[in-house]
Amino acid sequence: MTGPDDPRDPDALIRRAKRGNPEFDQHFLVDDRVLDRLPDYLPESADRAHVLEIGGGTGALTDRLLAAAPGGGEVTVVERDPDLVAFLREEFADAIGAGDLTVIAGDALDVELPDFSASVSNLPYGASSEIAFDLLPRKRPLVLMFQREFAERMIAEPGEDDYGRLSVSAQHYADVEIVEHVPAEAFDPQPRVDSAVVRCTPRDPEYEVADEEFFLRFVKALFTQRRKTMRNAVRNTAHISGLEDPDAVVDAAEESLMSRRAGTVSPGEFAELAALARRVDPGVVGGGG
């Protein structure tokens with residue numbers, strides 16, 4: 001019997017289950033020190049009553065999340081590999097029987113996620129972007145493992161090389177920070193890249209957005225032309241953003257903004273421009289794809 005003072009050994013779990021399967025984008029975190037720290041990266045104010053883990057693997061992190069759960073707390077794990085689902089349900093049969101753990105079989109992007117209070121996850125790299133942007137709008141505290149390059153793009157500021165659509169979109173929903181860099185050697189099998197742990201603390205942005213769907217689509221469109229001036233980017237990406245009259249937006253906007261490039265524009269400035277577009281372009285509201 002293992003517990004908070006005797007966590008399951010990640011290497012032993014892999015031996016009892018199986019090694020990582022490239023088909024399922026599996027890289028199991030085996031560094032005990034990193035595993036032990038992950039639950040503690042949640043903000044102090046986070047509600048830990050129901051913690052969601054996406055990509056349970058062989059259960060090394062699951063074990064630590066169960067140990068960190070408050071009395072009456074619950075952990076839900078989503079795992080798409082049917083062999084590992086069966087392994088988790090056998091390995092953690094006691095926790096499942098006690099109602100402390102639920103194992104959901106399926107792809108996190110396809111299954112119905114529970115009403116969780118926080119998430120701590122070592123995400124599958126191939127789907128990390130899609131999963132992150134499913135979780136972020138739910139406004140829950142998140143501690144997520146990403147490829148280091150992806151994580152650095154999430155936290156980048158205007159004017160930095162890594163600043164882009166991902167930076168604006170992530171920071172629209174939360175305060176985003178890298179809390180730990182994790183080398184490839186911490187995983188088995190080892191990925192070809194280093195990783196980073198990102199903490200996302202939900203908060204409302206300092207600017208107002210009346211149409212979030214359009215705002216995010218507009219930002220995405222403009223960053224497809226990040227080397228162009230904003231003037232040309234607005235005009236060249238109307239088919240993406242859904243603008244009917246991009247010239248009207250350009251003419252109404254400040255020249256000082258239109259002469260810059262997307263990589264120097266702050267989220268608040270994007271929001272102001274998106275609001276302007278909704279006012280002067282009759283095709284924006286309810287339009288676009």
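An unreviewed UniProt entry annotates the protein as Probable ribosomal RNA small subunit methyltransferase A originating from Halolamina pelagica. Of the comments in the UniProt record for the protein, the one headed Subcellular location (unreviewed entry) reads "Cytoplasm".

Peer 1: What exactly am I supposed to notice about the nonpolar core here?
Peer 2: The nonpolar side chains of a soluble globular protein tend to be buried, and buried together. By size, the foremost hydrophobic cluster in this structure holds 31 residues, and its most contacted members are Leu29, Leu38, Leu101, Val120 and Val182. When contributions to this core are tallied by element, the ones reaching two or more residues are helix H2 (32-37), helix H3 (60-68), strand S3 (74-79), helix H4 (82-91), strand S4 (101-105), strand S5 (118-122) and strand S6 (142-147). The contacts of Leu29, once residues within four sequence positions are left out, are Pro10, Val34, Leu35, Leu38, Ala60, Asn122, Met145, Val182, Ala186 and Phe187.

Peer 1: Quick question: what am I supposed to make of the UniProt feature "binding site: S-adenosyl-L-methionine" (unreviewed entry) in the protein here?
Peer 2: In the numbering used here, UniProt assigns the feature "binding site: S-adenosyl-L-methionine" (unreviewed entry) to His27, Leu29, Gly55, Glu79, Asp107 and Asn122. With respect to the helices and strands, the residue Leu29 is situated in strand S1 (residues 28-29). Looking at the secondary structure, you find Asn122 in strand S5. Ignoring anything within four residues of it in the chain, the contact list for Asn122 reads His27, Leu29, Ile54, Gly55, Leu61, Met145 and Phe187. Among the polar contacts listed, one links the side chain of Asn122 to the backbone oxygen of His27, at a separation of 3.4 Å.

Peer 1: Whenever I open this one, the sheet that holds strand S9 (residues 195-202) confuses me. Can you help?
Peer 2: In sheet architecture, strand pairing relies on hydrogen bonds along the backbone and comes in two forms, parallel and antiparallel. Across the sheet, which stays open at both edges, the seven strands sit in the order S4-S3-S2-S5-S6-S9-S7 with mixed pairing between neighbours. Whereas interior strands pair on both sides, the edge strands pair on one side only; in this sheet they are S4 and strand S7 (174-182). Taken pair by pair, the neighbouring strands of this sheet meet at an average axis angle of 25°, ignoring direction. Summarising the sheet, S3 and S4 pair through five bridges and their orientation is parallel. Bridging from a neighbouring strand, Glu79 pairs with Ala105 of S4.

Peer 1: Looking at this model, I keep getting lost on helix H7 (residues 148-155). Mind explaining?
Peer 2: Owing to its 3.6 residues per turn, the α-helix aligns residues three or four sequence positions apart on the same side. Listing the buried residues of H7 in full gives Phe150, Ala151 and Met154. Burial along H7 is one-sided: seen end-on, the buried residues are contained in an arc of 100°. Of the surrounding elements, those touching the buried residues of H7 are helix H6 (128-135), S6, helix H8 (165-173), S7 and S9.

Peer 1: What exactly am I supposed to notice about the domain arrangement of the protein here?
Peer 2: Interfaces are frequently sized by the accessible area removed from exposure as the parts join. With domains assigned, the protein is organised as domain 1 (10-202) and domain 2 (212-280). Summed over both partners, the interface of domain 1 with domain 2 comes to about 980 Å²; 63% of that surface belongs to carbon and sulfur atoms. Together, Tyr163, Arg165 and Val168 form the three largest contributors to the area buried by domain 1 at its contact with domain 2, with a combined 51%. Of the residues contributing to the side of domain 1 that touches domain 2, the split by class is four nonpolar, four polar and two charged.

Peer 1: Looking at this model, I keep getting lost on the environment of Gln225. Mind explaining?
Peer 2: Locating Gln225 in the fold gives a position in the loop between helix H9 (212-223) and helix H10 (230-236). For the pair Gln225 and Thr237, spaced twelve residues apart in the sequence, the C-alpha separation amounts to 7.9 Å. Contacts of Gln225, omitting those with residues within four sequence positions, involve Asn232, Ala233, Asn236 and Thr237.

Peer 1: Mind showing me how you'd approach the pattern of salt bridges here?
Peer 2: One pass over the structure, following the stated rule, counts 17 salt bridges. As a salt-bridge pair, Glu152 and Arg148 come within 3.0 Å of each other at their nearest N and O atoms. Of this pair, Glu152 and Arg148 both sit in helix H7, separated by four residues, roughly a single helical turn. Glu152 gets classed as partly exposed once you look at its relative accessible area, which sits at 27%. Here Arg148 falls in the partly exposed class, since its relative accessible area comes to 33%. In this structure, a network of salt bridges that share partners links the residues Arg8, Arg16, Asp63 and Glu91.

Calculation rules
Residues numbered from 1 in each chain as written. Predicted model: local features only at pLDDT ≥ 70, side-chain atom pairs only at ≥ 80, totals over all residues. Heavy atoms only, no water. UniProt positions renumbered as here; feature names shortened; annotations may be inferred. Core = buried A, V, L, I, M, F, W, Y, C linked by side-chain atoms within 4.5 Å. Buried < 20%, exposed > 50% of the residue type's maximum accessible area, 1.4 Å probe, protein only. Helix = DSSP H or I, 4+ residues; strand = E, 2+ residues; numbered from the N terminus. Contact = heavy atoms within 4.5 Å. Polar contact = N/O pair within 3.5 Å; in protein donor to acceptor, adjacent residues only side chain to side chain. Pairing = 2+ DSSP bridges. Axes fitted to C-alpha atoms, helices over the stretch in contact; angles between N-to-C directions. Arc of directions from axis to C-beta. Domains from an automatic or database assignment. Buried area = accessible area lost by both parts, 1.4 Å probe. Nonpolar A, V, L, I, M, F, W, Y, C, P; charged D, E, K, R; others polar. Salt bridge = Lys/Arg side-chain N within 4 Å of Asp/Glu carboxyl O.

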